Amino acid sequence: MSWGTLRNTSQERELFQRRSFVAIIVVILMTGVLIGRFYYLQIIEHETYTTISDRNRVQVQPVPPTRGLIYDRNGVLLAENRPVFSLTVIPEQVSDMDALIGEIRDIVDVPPGDVENFRERLDERRRPFEPVPLRYHLTEAEMARLAVNRHSLPGVEMEARLVRYYPYGRLTSHVLGYVGRINEQDARRIDQVAYAGTHYIGKTGIERVYEKELHGEVGYQNVETNARGRVMRVLEREDPSPGQDLTLNLDIRLQQVAHEALGDRRGAIVAINPETGGLLAQVSTPGFDTNKFVTGIGHESYAELRDSLDKPLFNRATRGQYPPGSTIKPMLALAGLASDTVTQSEIVYDPGYYELPNSSQVFRNWKRQGHGDTTLYDAIVLSSDTYFYKMAYEMGGGMMADYLEHFGFGTVTSLDVRDELPGILPSPEWKRRVHNEPWYPGDSVNMGIGQGYFLSTPLQLAATTSVLASRGERHAPRHLRYIEGDIPARHLLPDVVRPPVEMASESDWEYVINAMEDVVHGSEGTARRISPGLNYRMAGKTGTSQVFSLEGEEYDEDEIAKRMRDHALFVAFAPADDPQIVVSVLVENGGSGSATAAPVARQVTDAWINGFPEVLTEQAVPGAMDDE
């Protein structure tokens, strides 16, 4: 059989034609599908994919506002913003963070503490593609090295940022407080939109109280980026509104005098303008450098502050609650006169102790031999405990608490000191509520000299003494003087009206204030040793408060550990006839109020009334007595 009989040429041609036709149909169909898809993408979904493309190319970035500045009453800058260059990382653009950090540390020095803070920030809530700071305060040499190696560091940027700076860090640490990075707790309470792009928030002090005014309003900008996310150009920008500038009643010169007067002792000083309630100075020692907290303090540095026995982070002026001691005697004297418990002419014999009626319990006077026949005037000048023991017993705890509450004890006195504690003004109702115990006569006696359950802060002592200085007028202490544009503080502070303290006889005010003058200027006043050289009249009252009870044993200061010694207190205002300043001084474990606290108060009032020296040096004050 030949090969020709085996091939069917016609059939093969037919098969080829059919296959070609099918292939052409498939190609036409696929081309139609492709054209249809192109039409769908390019025509129907054009706007959608254009938007997606723009989102990849154009990003909306928040522009954080510039934080408002803080000035003292004379225009001295207390808190400013300084530009620094920072190294930041965008985590979303980094595949291996550990490797990247290792590369960066080969180029510039990044302390372990900064790395720890950076990793903590990574775990906190933040906006996508928000840069996270790794290292602050880059030098020019470090920026140059980073720029050379920038191509091998994905997600790494160098940014110029304004960072908070406190020129008087330690002097104003407890007043101004500080700003710090926004942490997880902050993120839960703030408006995420309002704080977009902002890394810092007020943590304590003025910075926290006036956070809303200081922060400002965030702005936005549309930027064009390349495939790696680097900004190529700014397409559109809406500028942020900067925070408002604040002017405080604080005088940084007086703040420095007060700080230096306390020296290295633990204590607090509060100075108030009695006419307005403006806080002229508020010092708590020891202080700390607030600038370390702005960009993140290291764990070791923070642990050193936290664990220090001197407690530098503790604000003694507003949160330190101490027995006020004899500093409350002028207020109690007015309470005794107002309630007719005592009179100006009444005489009480002071043998050096007071024995409760129908009891063997004896309360000792600070002067063992007593003061003999004593009037209320003498009792203030000499600080006779016996006189006030008797008066307190006769008044009772309830009546004393009612009168002292009018002066401001047991309450928060200020308008813009958020962390102020109210102290404790004990009363029978208070003891029953808190301790579920009855009020005993001994409680009244202890309360009569500012001991027992009675607690007060240095700020509260200054505020209550200011009521004395203004003869009953009450002006709540405040830091803010006015905000940007000279807007008065009253437009921002709570509208609190505090009724004046009224006496049945106006002569009672002068009677008690004259006695306080003799505390300083009288021949037997407990603070008489600070009077030489005074060219103005000062009214004051010394005080000493026990840290612990001696239970009838005699006081031997040399055998008591330094930190268990009595606290020294002094309250004063000057000039007595036209007060310009009220001062309260507390020196922890300072012993005698006349020996330790009164000389400090004189340095403060001298500076305010007589003017500030060009060079601030420790002022020599004549030696003090050993009595209260």
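1. Concerning the overall build of the protein
Okay, so step 1: Looking only at helices and strands, the protein has 21 helices and 21 strands in total.
Okay, so step 2: For the protein, the proportion of its 628 residues judged to be buried stands at 50%.
Okay, so step 3: Long-range pairs, those at least 24 residues apart, make up 73% of the contacts in the protein with a sequence separation of at least 6.
Okay, so step 4: Within the structure as shown, the protein displays about 30500 Å² of accessible surface, and the carbon and sulfur contribution to it stands at 50%.

2. Some details on the pattern of salt bridges
Should the charged atoms of two oppositely charged side chains come close, the side chains can pair.
Okay, so step 1: Counted by the stated rule, this structure contains 24 salt bridges.
Okay, so step 2: In this structure, the salt-bridge partner of Arg67 is Glu207, at a minimum N-O distance of 3.0 Å. Of this pair, Arg67 sits in the loop between strand 1 (58-63) and strand 2 (70-71) while Glu207 sits in helix 8 (residues 205-209); the two residues are 140 residues apart in sequence, bridging distant segments of the chain.
Okay, so step 3: Exposure remark for Arg67: the relative accessible area of 12% places this residue in the buried category.
Okay, so step 4: Taking the relative accessible area as the measure of exposure, Glu207 reaches 0% and is therefore buried.
Okay, so step 5: Each of Arg67, Arg164, Glu207 and Glu211 takes part in salt bridges that share partners, so that together they form one network.

3. Concerning the sheet that holds strand 21 (residues 581-587)
Okay, so step 1: Across the sheet, which stays open at both edges, the five strands sit in the order 12-11-21-20-19 with antiparallel pairing between neighbours. This sheet does not close on itself; its edge strands, each paired only once, are strand 12 (279-285) and strand 19 (539-545). Strand-to-strand twist in this sheet, taken as the mean axis angle between neighbours without regard to direction, amounts to 5 degrees.
Okay, so step 2: Bridge analysis of strand 20 (residues 567-574) against strand 21 gives seven bridges, and the strand direction is antiparallel. Counted as the bridge partner of Ala568 is Val587 from strand 21.
Okay, so step 3: Across the sheet, helix 10 (residues 252-262) is in contact with strand 11 (267-272), strand 12 and strand 21; its angle to strand 12 comes to roughly 30 degrees.

4. Remarks on the confidence of the model for the protein
Okay, so step 1: Summarising the model, the protein shows a mean pLDDT of 87, and 90% of its residues fall at 70 or more.
Okay, so step 2: This stretch, residues 549-553, has a pLDDT under 50; its non-local contacts, to residues over four places away or in other chains, come to two contacts.

5. Some details on the environment of Arg474
Okay, so step 1: Structurally, Arg474 is set in the loop between helix 19 (458-469) and strand 17 (480-483).
Okay, so step 2: As a C-alpha pair, Arg474 and Val497 span 23 residues in sequence and 8.8 Å in three-dimensional space.
Okay, so step 3: Arg474 has contacts with Glu405, His406, Phe407, Gly408, Val467, Arg498, Pro499 and Val501, leaving out every residue within four places of it along the chain.
Okay, so step 4: From its side chain, Arg474 meets the backbone oxygen of His406 in a polar contact 2.9 Å long.

6. Structural notes on unusual backbone geometry
Most peptide bonds take the trans configuration, and most residues that are not glycine carry a negative phi.
Okay, so step 1: Thr285 connects to Pro286 through a cis peptide bond whose omega is 0 degrees.
Okay, so step 2: In this structure, Pro286 sits in the loop between strand 12 and helix 11 (291-294).
Okay, so step 3: For the bond running from Ala574 to Pro575, omega is -20 degrees, close enough to zero to count as cis.
Okay, so step 4: With respect to the element layout, Pro575 can be found in the loop between strand 20 and strand 21.
Okay, so step 5: Even without a glycine there, the phi angle at Asn589 is positive, about 55 degrees.
Okay, so step 6: Tracing the sequence through the fold places Asn589 in the loop between strand 21 and helix 21 (593-610).

7. A closer look at the nonpolar core
Okay, so step 1: Membership of the largest hydrophobic core comes to 94 residues, with the highest contact counts inside it found for Leu254, Ile269, Phe388, Phe409, Val512, Met538 and Phe570.
Okay, so step 2: Discounting residues that sit within four places of it in the chain, Phe409 has contacts with Ile328, Met331, Leu404, Leu425, Phe454, Ser456, Gln460, Leu461 and Thr464.
Okay, so step 3: Residues Ile70, Val175, Leu248 and Leu480 belong to the second largest nonpolar core, which totals 32 residues.

8. Details of the side chain of Ser384
Okay, so step 1: Inspection of the secondary structure assignment puts Ser384 in the loop between helix 15 (376-382) and helix 16 (385-407).
Okay, so step 2: Engagement of the side chain of Ser384 in a polar contact is seen with the side chain of Asp350, the distance being 3.0 Å.
Okay, so step 3: Apart from residues lying up to four places away in sequence, Ser384 is in contact with Lys329, Asp350, Asn365, His371, Thr374 and Ala379.

Calculation notes
Residues numbered from 1 in each chain as written. Predicted model: local features only at pLDDT ≥ 70, side-chain atom pairs only at ≥ 80, totals over all residues. Heavy atoms only, no water. Helix = DSSP H or I, 4+ residues; strand = E, 2+ residues; numbered from the N terminus. Buried < 20%, exposed > 50% of the residue type's maximum accessible area, 1.4 Å probe, protein only. Contact = heavy atoms within 4.5 Å. Areas by Shrake-Rupley, 256 points an atom, 1.4 Å probe, with all protein chains shown as cover. Salt bridge = Lys/Arg side-chain N within 4 Å of Asp/Glu carboxyl O. Pairing = 2+ DSSP bridges. Axes fitted to C-alpha atoms, helices over the stretch in contact; angles between N-to-C directions. pLDDT = per-residue confidence, 0-100. Polar contact = N/O pair within 3.5 Å; in protein donor to acceptor, adjacent residues only side chain to side chain. Core = buried A, V, L, I, M, F, W, Y, C linked by side-chain atoms within 4.5 Å.

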